[in-house]
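Architecture and fold: a report
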Protein chains: 2
Amino acid sequence: MMSFSAYFPIWDKLTKDQQNRISDVVEFRTVTKGTIIHDSSAECLGLITIRSGQLRSFILSEDGREITINRLFEYDTSLLSASCVMPDMQFNVMIEAEKDSEFWSIPACLFKNIMDESIAVSNYARSLLSSNFSELMWLMEQIMWKSFDKRLAAFLLEEASIEGTNCLKITHEIIANHMGTAREVVTRMLRYFQNEGMVRLTRGTIEITDEVKLNKIQNL
Amino acid sequence: MMSFSAYFPIWDKLTKDQQNRISDVVEFRTVTKGTIIHDSSAECLGLITIRSGQLRSFILSEDGREITINRLFEYDTSLLSASCVMPDMQFNVMIEAEKDSEFWSIPACLFKNIMDESIAVSNYARSLLSSNFSELMWLMEQIMWKSFDKRLAAFLLEEASIEGTNCLKITHEIIANHMGTAREVVTRMLRYFQNEGMVRLTRGTIEITDEVKLNKIQNL
C-alpha cells in the first residue's frame, strides 16, 4: 500500500480512517496489451489510478467504429470507469490497455461515499471531470473545424512524442479507430503525406521523415 | 431574494452565512433576444440560474462556424460561464439569449469559495459538470456516427417540442449555426425533406407536416 499512496494524487488529503477504508479494498491489477478493462455493460470498475503502461478511453458506435477520448499514463487517475455511481454520467465509454499496464481500482461505491464526506475528494472529482470535459471540447473542435490532414498530422506527432521515436509501429486500422474514421481514409492521407516527403510507409510502420513539414500542416 | 432562493437548486443546503454572502452579491439581469451574455474573452460571468427565457451555449470556430452545446431553460443552472475560476476548464464557450431572458449570476470567485467550503455545493458543481460532459458525449456521438438527415430530423422535432408548435420560425442560417455546418447543407436537406412531404418551407418558417415520418428518419 505504500506504493498506492505515492500514486494516488490526494492521498494526503484523506483522513486516516478514509485511507484505511481504501487500503482495505483497493485492488491492484496487471493487464496485457489489448485487454478491455472497462466497458459499460460490465460491472462498474470504479476509480482507476495507473501505475505503469498506457490506457485509452474511447467510444464505440453501433457499427463498430471507435474514437479515442483520452489517454492515461503513469500517475493518471480516471473517473470515467466509475460513471456507474454518477447518475448524471449517461454514456458508454470503454477503456483498453494500449500497452501492458498496471493499475489500481477503488470500488465505485466506496469512492462515492468518500466523495460525499470529503470536500477535498469531491473537489478532486470535479477537477477530473473538468479536465475530461475540456479534453472532449478540444476533440469536438478538432472534429468539427479541423480538416482531416491537420488532425492526422497532429495525431502522428503526438504518437511520436508519446513513444519517443519517429518510427511508429502502428497500423492504419488502429489510427482509424483513434480518429473515428475508416481505414481507407487514413491510408489515402498517409500516402499523400508520403508523396509530400513527410512520412515513409512500410508494412506495419510509419516513419516520420519531415517533422517540421508535418508540424506546419498541423498548424496551417 | 425570495425569488432567487426558489430558483437556486441547492439553496436549502447552504448555511445561513453562505446564503447571506450570495444574497449580497447575486445579480439579476434582463437581456433581449440575441444578446451574447458570455464569451471567453470578456470578464467572467460566474454561475448563472435562469428565471425565464431560453439561452444556448455554443462554440465558435475561427472562421465563424458555430455548434450548439446545450440549451438552458427556466430553473436551469450553468457552470460553463464560471469556467474562469476552474483552472481545468480550458475552452471557449459562448452563451447567448435565444429569447428575451432573465437570469441571476453569482460571481465566479464567491461561488468558488463556497464550493471549497461546502460538500453540498462541490457535489452539485460536480453533478452539473457530469451532465455537461454527458451532453457533450451525446453530441459527439451524434456528429461522429449519425448522418446529417437524422441529426436534422432530431433537431426539428426538438425545436417543435421546445416551441410547442409544428410551425417553426427559424432560418436555415440559424439551424446551420446550431449544427456546426453550412447554410447550403441545411437548405439542401430541408428541400429533400420537403420533397418527401415531411416539411413545408416558406420564407422564414419551416412547418413540420409529417411528424411520424420525420420521427422515423431520426430513428432509422
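All values reported here derive from a predicted model rather than from experimental measurement.

Procedures and definitions
Residues numbered from 1 in each chain as written. Chains lettered and ligands numbered in written order. Predicted model: local features only at pLDDT ≥ 70, side-chain atom pairs only at ≥ 80, totals over all residues. Heavy atoms only, no water. Helix = DSSP H or I, 4+ residues; strand = E, 2+ residues; numbered from the N terminus. Buried < 20%, exposed > 50% of the residue type's maximum accessible area, 1.4 Å probe, protein only. Contact = heavy atoms within 4.5 Å. Areas by Shrake-Rupley, 256 points an atom, 1.4 Å probe, with all protein chains shown as cover. Lys, Arg positive; Asp, Glu negative; His and termini not counted. Charge placed at Lys NZ, Arg CZ, Asp CG, Glu CD. Least-squares fit on C-alpha atoms with pLDDT ≥ 70 in both. pLDDT = per-residue confidence, 0-100. Buried area = accessible area lost by both parts, 1.4 Å probe. Salt bridge = Lys/Arg side-chain N within 4 Å of Asp/Glu carboxyl O. Polar contact = N/O pair within 3.5 Å; in protein donor to acceptor, adjacent residues only side chain to side chain. Nonpolar A, V, L, I, M, F, W, Y, C, P; charged D, E, K, R; others polar. Phe/Tyr/Trp six-rings, centres within 6.5 Å; stacked < 30°, edge-to-face > 60°. Pairing = 2+ DSSP bridges. Axes fitted to C-alpha atoms, helices over the stretch in contact; angles between N-to-C directions. Expected span 1.5 Å × (residues − 1). Parallel < 35°, antiparallel > 145°, perpendicular 65-115°, else oblique.

1. Here's the deal with the overall build of chain A
In terms of helices and strands, chain A carries eight helices and eleven strands. Projected onto its principal axes, the C-alpha coordinates of chain A cover approximately 60 × 35 × 30 Å. Taking all 220 residues of chain A together, 53% fall into the buried category. Sequence separation of 24 or more characterises 69% of the internal contacts of chain A that already satisfy a separation of 6 or more. Per element, the accessible surface of chain A, about 10200 Å² overall, is 47% carbon and sulfur. For chain A, the distance from the average site of its 23 positive side-chain charges to the average site of its 30 negative ones is 6 Å.

2. So, the relation of the copies chain B and chain A
After a rotation of 180° and a shift along the axis of 0.0 Å, chain B superposes on chain A with an RMSD of 0.1 Å. What we have between these two chains is a two-fold relation. The overlap is high: 98% of the interface residues of chain B also sit at the interface in chain A, so the same surface is used on both sides.

3. Some remarks on the confidence of the model for chain A
Summarising the model, chain A shows a mean pLDDT of 90, and 98% of its residues fall at 70 or more. Confidence estimates for the predicted assembly give a pTM of 0.81 and an ipTM of 0.79.

4. A few points about the interface of chain B and chain A
Each side of the interface is counted separately: chain B has 41 residues, and chain A has 40 residues. A combined buried area of about 3600 Å² lies between chain B and chain A, and 71% of that area is made up of carbon and sulfur atoms. The interface formed by chain B and chain A includes zero salt bridges. Counting every contact that joins chain B to chain A gives five residue pairs in polar contact (both at pLDDT 80 or more). Elements that contribute at least two residues to the side of chain B that touches chain A include exactly β4 (54-60), β5 (66-73), α3 (108-117) and α4 (119-145) of chain B. Per-element tally for the side of chain B that touches chain A: the top contributor is α4(B), with 20 residues. A per-class count over the side of chain B that touches chain A returns 22 nonpolar, twelve polar and seven charged.

5. As for the packing of aromatic side chains
Residues and elements named next belong to chain A. Overall, the coordinates contain 16 aromatic pairs over all chains when judged by the stated rule. Geometrically, the ring pair formed by Phe4 and Trp104 is edge-to-face, given 5.3 Å between the ring centres and 65° between the ring planes. Taken as a pair, Phe4 in helix α1 (residues 2-7) and Trp104 in strand β8 (residues 101-106) lie far apart in primary sequence, 100 residues in all. What makes Trp104 buried here is its relative accessible area of 6%.

6. Digging into the sheet that holds strand β10 (residues 199-202) of chain A
Residue and element names in this part refer to chain A. Overall, antiparallel pairing links the three strands, which are arranged β9-β11-β10 in an open sheet. The open sheet has two edge strands with one neighbour each: β9 (167-169) and β10. The mean angle between the axes of side-by-side strands here comes to 20°, regardless of whether they run parallel or antiparallel. Looking at chain direction, β10 and strand β11 (residues 205-208) are connected through four bridges and run antiparallel.

7. With respect to helix α7 (residues 183-195) of chain B
Residues and elements named next belong to chain B. Taking 1.5 Å of rise per residue, 13 residues should cover 18 Å, and α7 covers 18 Å from first to last C-alpha, within 8% of that figure. Listing the buried residues of α7 in full gives Val186, Thr187, Met189, Leu190 and Phe193. Here the buried face of α7 lies against α5 (148-163), α6 (172-179), β10 (199-202), β11 (205-208) and α8 (211-219). At the C-terminal side of α7, Gly197 shows a positive phi close to 80°.

8. Here we look at the packing of helix α4 (residues 119-145) of chain A against α3(B)
Two numbers describe how α4(A) lies on α3(B): the axes approach to 8 Å, and their chain directions differ by 130°. Judged on the interaxial angle alone, α3(B) and α4(A) are oblique. Contacts between α4(A) and α3(B) involve A:Ile119, A:Asn123 and A:Arg126 from the first element and B:Met115, B:Asp116 and B:Glu117 from the second.

9. Quick look at the sheet that holds β10(B)
All names here are of chain B. Taken in spatial order, the three strands of this open sheet run β9-β11-β10, and their pairing is antiparallel. Unpaired on one side and paired on the other, β9 (167-168) and β10 mark the two borders of the sheet. Sheet topology places β9 next to β11; two bridges connect them, and they run antiparallel. Across the sheet, Cys167 pairs through a bridge with Glu207, a residue of β11.

10. So, the pattern of salt bridges
Per the counting criterion, the structure on display carries 22 salt bridges over all chains. In this structure, the salt-bridge partner of B:Arg21 is B:Glu117, at a minimum N-O distance of 2.9 Å. Taken together, the residues B:Arg21 in helix α2 (residues 16-25) and B:Glu117 in helix α3 connect sequence positions 96 residues apart. Given a relative accessible area of 25%, B:Arg21 falls into the partly exposed group. Taking the relative accessible area as the measure of exposure, B:Glu117 reaches 37% and is therefore partly exposed. Notably, a salt bridge pairs B:Arg56 with B:Glu66, separated by 2.4 Å at the nearest N-O pair. Of this pair, B:Arg56 sits in strand β4 while B:Glu66 sits in strand β5; the two residues are ten residues apart in sequence, bridging distant segments of the chain. A network of salt bridges, in which partner residues are shared, links A:Asp17, A:Arg21 and A:Glu117.

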